[in-house]
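Here are the chains, one letter per residue:
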Amino acid sequence: MKYSRQRELILKTLRENPVHPTADFVYELLKKELPSISLATVYRNLNQLAENGIINKISGLDGSVHFDHSIHPHYHFICTKCNKVYDVPYEVAPNPAEKLYEQTGLTAESCDVSFKGICKECRKNFN
Ligand SMILES: [Zn+2]
Ligand SMILES: [Zn+2]
């Protein structure tokens, strides 16, 4: 992948906002620093970063595509109130594919585990 300052900034924004932002969210933040950037550029760069395995693309959480700076195995918790996505440690349910194989003989190529609920922040404001 060619070096691009825009891409560097997109990646930096993603790392500084570990709530798994959508492309629109990244765009809103970047606009302040880089007023000339377009949403299409943000989309294209995020997709390229994901294709190159530098970041993770998560779909199927709430209908929009979120981007994750972490490519290590972990799960996600999505808050149904604020739509922020939090990381859940892999240790919560380690090696699900292995357990699946042991119990059913099925070999999984991928496994999407996600949790839904109200995050700590929203729970605090709710009470
Ligand atoms: Zn929340
Ligand atoms: Zn994550």
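Keep in mind that this is a model prediction, so the values were computed, not measured.

## Some points on the packing of helix α1 (residues 5-16) against helix α2 (residues 23-33)
So, step 1. Between α1 and α2, the shortest axis-to-axis distance is 10 Å and the interhelical angle comes to 120 degrees. Taken together, the axes of α1 and α2 lie oblique to each other. With respect to the hand of their crossing, α1 and α2 are arranged in right-handed fashion. For the pair α1 and α2, contact is made by Leu9, Ile10, Thr13 and Leu14 and by Val26, Leu29, Leu30 and Glu33, respectively.
So, step 2. Classifying every residue of the contact of α1 with α2 by side-chain character gives six nonpolar, one polar and one charged.

## Focus: the sheet that holds strand β4 (residues 85-89)
So, step 1. Strands sit in the order β4-β3-β5 across an open sheet of three strands; the sheet is mixed. In this open sheet, the two edge strands, each paired with only one partner strand, are β4 and β5 (114-117). Taking the axes of each pair of neighbouring strands and ignoring which way they run, one obtains an average angle of 30 degrees across the sheet.
So, step 2. The pairing of strand β3 (residues 74-79) with β4 spans five bridges and is classified as antiparallel. Looking across to β4, one finds that phenylalanine 77 is bridged to tyrosine 86.

## Description of unusual backbone geometry
So, step 1. Located in the positive-phi region is histidine 20, a residue other than glycine, with phi close to 60 degrees.
So, step 2. Mapping histidine 20 onto the fold places it in the loop between α1 and α2.
So, step 3. By C-beta crowding, histidine 20 is classed as buried, having 23 other C-beta atoms within 10 Å.
So, step 4. Even without a glycine there, the phi angle at asparagine 95 is positive, about 45 degrees.
So, step 5. On the secondary structure map, asparagine 95 appears in the loop between β4 and α4 (96-104).

What counts, and at which threshold
Residues numbered from 1 in each chain as written. Chains lettered and ligands numbered in written order. Predicted model: local features only at pLDDT ≥ 70, side-chain atom pairs only at ≥ 80, totals over all residues. Axes fitted to C-alpha atoms, helices over the stretch in contact; angles between N-to-C directions. Helix = DSSP H or I, 4+ residues; strand = E, 2+ residues; numbered from the N terminus. Parallel < 35°, antiparallel > 145°, perpendicular 65-115°, else oblique. Left-handed = near helix turned anticlockwise from the far one by under 90°. Contact = placed C-beta atoms within 7 Å. Nonpolar A, V, L, I, M, F, W, Y, C, P; charged D, E, K, R; others polar. Pairing = 2+ DSSP bridges. Buried ≥ 20, exposed ≤ 12 C-beta atoms within 10 Å, placed from the backbone.

These results come straight from atomic positions and should not be treated as a statement about function.
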